[in-house]
Amino acid sequence: MRPTDRRPIDSAFENQLMDAIDKWIERDLKPVIMAHDHGDIWPEETVRQMTELGLFGATISQEWGGLGLPATTYANIVARIASFWMAPTGIFNSHLICAMAIEKFGTAAQKAKWLPKMASGELRGGLALTEPDAGTDLQGIRMTGRRDGDHYLVNGTKTWISNGIKGHVFALLVKTDPEANPRYKGMSLFIADKSLPGFRVGKKIEKLGYKAIDSAELVFEDCRIPADQLIGGVEGQGFLQATGGLELGRINVAARGVGLAEGALRLATEYAQVRRTFGKPIAEHQAIQLKLGEMVTRARAARLLTFDAAQAYDRGERCDMEAGMAKYFASEAAVRNAEEAMRIFGGYSYSKEYEIERFYRDALLMCIGEGTNEMQRIIVARQWLRRNPV
């Protein structure tokens, strides 16, 4: 049973929550975005505010102090924030996927120890799966964990880990049986916190976009992880536990794509009505109207696909095809809308004084993160064929 398998929240509560998000965006978020993005500065005050809003407990069950939001509400929050600035959504999403792994697969003791502090934001989490030679192909990881009494001795390096510098605890994918065949049966997922000896943060990764959120290497050198921090307490379940959160992760990326597509559309729409050429606003030129018409359609289609996947997730249905379609289409819509918006802005789009260049830089990541779009199309095709046998 998924932690998010629950009835939809009361519409009045959702409206109040979205109203609080909107007021926070207008009052506190918008004034600081460009300085943090251009300076690649981790937004400490923004994180504090998100903690107060309860976003670090958004999808964690109320039993553990979270808001227990369904995926549809969560996707709506992500899209709204990302339509102004994508980076904050990554800070709490990586955290929530880590929490989901614990809530969905952890022992009773693990849930009681970690989830209340994660729901409150006292501890911020991350997902440590990717390695220098293993991204989409998770079965290719090389990090090893060898049982040594009441501990596991872990060695290896993870990379591209969101919240790697400022986070506190990570769901860590490790090979506990390198000889297992098939490979995924030899993988285990651990709760790795930074108090562990032999666990250190490596280099910060400089990025084209997605600034202000810390992406880093995590290095484990003879790191002794207590055996009671093996999620679920049974070896060999890690691959399924790690990928068990990918549906929600892909819905999150799709929601970010929706936000970016809608944000780029908003900026282009505003600019097209104030920028004048040949004696009239450029919005009155047919060439610009053709672009806007396509942008509106792409953004709307991306939103519908994303909420279709979120609704299937909330019903407890298998939705890897729906999540894959949403992630693929919405991320591509974000890139295309950002590009078209830059064309509408013309030369000003290449200036860092305007926000649209950030949307373009950020959107490109969405086609890569949470599984490349090439892989999404394969997933969609395979599931489609399984659902429609001859």
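These numbers were taken from a predicted model, which means no experiment stands behind them.

Undergrad: Would you take a moment to explain the overall build of the chain for this structure?
TA: The helix and strand inventory of the chain stands at twelve helices and nine strands. A compact globule built from 390 residues would reach a C-alpha radius of gyration of about 21 Å, and the chain, at 21 Å, matches this within 12%. Counting every position in the chain, which comprises 390 residues, the buried fraction comes to 57%. Here the chain displays about 16,900 Å² of accessible surface, and carbon together with sulfur accounts for 52% of that area. In the chain, which carries 50 positive and 49 negative side-chain charges, the distance between the mean positions of the two groups comes to 3 Å.

Undergrad: Explain the packing of aromatic side chains to me, please; I cannot follow it from the model alone.
TA: When we look at a pair of aromatic rings, we describe it by the centre distance and by the angle of the planes. The full count for this structure, using the stated rule, is eight aromatic pairs. Members of the aromatic cluster, each reached through a chain of ring pairs, are Tyr271, Phe345, Tyr348 and Tyr354. In this structure, Arg266 is placed above the aromatic ring of Phe84, and the distance from its NZ or CZ to the ring centre is 4.1 Å.

Undergrad: I'm lost on the side chain of Glu357 in this one. Help?
TA: Here Glu357 is to be found in helix 11 (residues 356-366). Residue classification places Glu357 among the buried residues on the basis of a relative accessible area of 10%. Within the local environment of Glu357, its side chain forms a polar contact with the side chain of Arg361, the two groups lying 2.8 Å apart. When sequence neighbours within four positions are dropped, the list of residues in contact with Glu357 reads Asp37, His38, Ser349, Ser351 and Lys352.

Undergrad: Quick question: what am I supposed to make of unusual backbone geometry here?
TA: The general pattern is negative phi for most residues beyond glycine and trans for most peptide bonds. Cis geometry is adopted by the peptide bond preceding Pro182, which originates at Asn181 and carries an omega value of 0 degrees. Of note, Asp40 is a non-glycine position whose phi angle comes to about 50 degrees, a positive value. Here Asp40 falls in the buried class, since its relative accessible area comes to 13%.

Undergrad: Is there a simple way to think about the environment of Glu317 in this case?
TA: Tracing the sequence through the fold places Glu317 in the loop between helix 9 (286-314) and helix 10 (320-345). The class of Glu317 is partly exposed, set by a relative accessible area of 36%.

Undergrad: Help me out: how do you make sense of the packing of helix 5 (residues 87-105) against helix 8 (residues 246-274) in this one?
TA: Helix-helix packing is described using two parameters, namely the angle between the two axes and the distance between the axes. Here helix 5 crosses helix 8 at 165 degrees, and the two axes come no closer than 10 Å. Here helix 5 lies roughly antiparallel to helix 8, going by the angle between them. The interaxial crossing formed by helix 5 with helix 8 has right-handed handedness. For the pair helix 5 and helix 8, the contacting residues are Thr89, Gly90, Asn93, Ile97 and Met100 in the first and Leu248, Gly249, Asn252 and Arg256 in the second.

Undergrad: For this particular structure, what's the right way to read helix 1 (residues 11-29)?
TA: Here helix 1 contains 19 residues, and its C-alpha end-to-end distance of 25 Å stays within 8% of the 27 Å for a straight helix at 1.5 Å per residue. Residues of helix 1 that are buried in the fold lie against helix 2 (33-39), helix 3 (44-53), helix 4 (71-82) and helix 5.

Undergrad: What's the story with helix 10 in this structure? I'm lost.
TA: Since one α-helical turn is 3.6 residues long, residues separated by three or four positions face the same way. Under the 1.5 Å per step criterion, the end-to-end length of helix 10 is 37 Å for 26 residues, consistent within 8% with the ideal 38 Å. Where helix 10 ends, the next residue or the one after it, Gly346, has phi of about 65 degrees, a positive value.

Undergrad: Is there a simple way to explain the side chain of Gln110 in this structure?
TA: Note on placement: Gln110 falls in helix 6 (residues 108-120). Residue classification places Gln110 among the buried positions, given a relative accessible area of 3%. Reaching out from Gln110, the side chain makes a polar contact with the backbone oxygen of Leu230 at a distance of 2.7 Å. Excluding anything up to four places from it in sequence, Gln110 contacts Ile102, Leu115, Ile191, Asp228, Gln229, Leu230, Ile231 and Gly232.

Undergrad: What am I meant to see in the nonpolar core here?
TA: Generally speaking, a soluble globular protein has its nonpolar side chains buried in company with each other. Core analysis: the largest hydrophobic core is formed by 103 residues, its most contacted members being Ile81, Phe92, Met118 and Ile344. For this core, the element with the most residues is helix 8, which contributes 14 residues. Those residues within four positions of Ile344 in sequence are excluded, and the remaining contacts are Ala268, Tyr271, Ala272, Ile282, Ile288, Lys291, Leu292 and Met295. Counting 18 residues, the second-largest nonpolar core is a separate cluster that includes Phe190, Ala192, Phe220 and Leu230.

Undergrad: Help me understand the pattern of salt bridges, please; the structure alone is not making it clear to me.
TA: Charged atoms that come close allow side chains of opposite charge to pair. As enumerated under the stated definition, the model contains 24 salt bridges in all. Where Arg183 meets Asp137, a salt bridge forms, and the shortest distance between an N and an O atom there is 3.7 Å. Here the residue Arg183 occupies a position in the loop between strand 4 (169-175) and strand 5 (187-193), and Asp137 occupies one in the loop between strand 1 (125-128) and strand 2 (144-148), the gap between them amounting to 46 residues. Taking the relative accessible area as the measure of exposure, Asp137 reaches 42% and is therefore partly exposed. Among the salt bridges present, the one from Glu339 reaches Arg343, with a minimum N-O distance of 3.1 Å. With Glu339 and Arg343 both in helix 10, this residue pair falls four residues apart, about one helical turn. Take Glu339: its relative accessible area is 27%, and that puts it in the partly exposed class. Looking at Arg343, the relative accessible area reads 53%, which means it is exposed. In the salt-bridge network here, residues are joined through shared partners; they are Lys291, Arg336, Glu339, Glu340 and Arg343.

Rules behind the numbers
- Residues numbered from 1 in each chain as written.
- Predicted model: local features only at pLDDT ≥ 70, side-chain atom pairs only at ≥ 80, totals over all residues.
- Heavy atoms only, no water.
- Helix = DSSP H or I, 4+ residues; strand = E, 2+ residues; numbered from the N terminus.
- Rg over C-alpha atoms; globule rule 2.2 N^0.38 Å.
- Buried < 20%, exposed > 50% of the residue type's maximum accessible area, 1.4 Å probe, protein only.
- Areas by Shrake-Rupley, 256 points an atom, 1.4 Å probe, with all protein chains shown as cover.
- Lys, Arg positive; Asp, Glu negative; His and termini not counted.
- Charge placed at Lys NZ, Arg CZ, Asp CG, Glu CD.
- Phe/Tyr/Trp six-rings, centres within 6.5 Å; stacked < 30°, edge-to-face > 60°.
- Lys NZ or Arg CZ within 6 Å of the ring centre and 35° of its normal.
- Polar contact = N/O pair within 3.5 Å; in protein donor to acceptor, adjacent residues only side chain to side chain.
- Contact = heavy atoms within 4.5 Å.
- Axes fitted to C-alpha atoms, helices over the stretch in contact; angles between N-to-C directions.
- Parallel < 35°, antiparallel > 145°, perpendicular 65-115°, else oblique.
- Left-handed = near helix turned anticlockwise from the far one by under 90°.
- Expected span 1.5 Å × (residues − 1).
- Core = buried A, V, L, I, M, F, W, Y, C linked by side-chain atoms within 4.5 Å.
- Salt bridge = Lys/Arg side-chain N within 4 Å of Asp/Glu carboxyl O.

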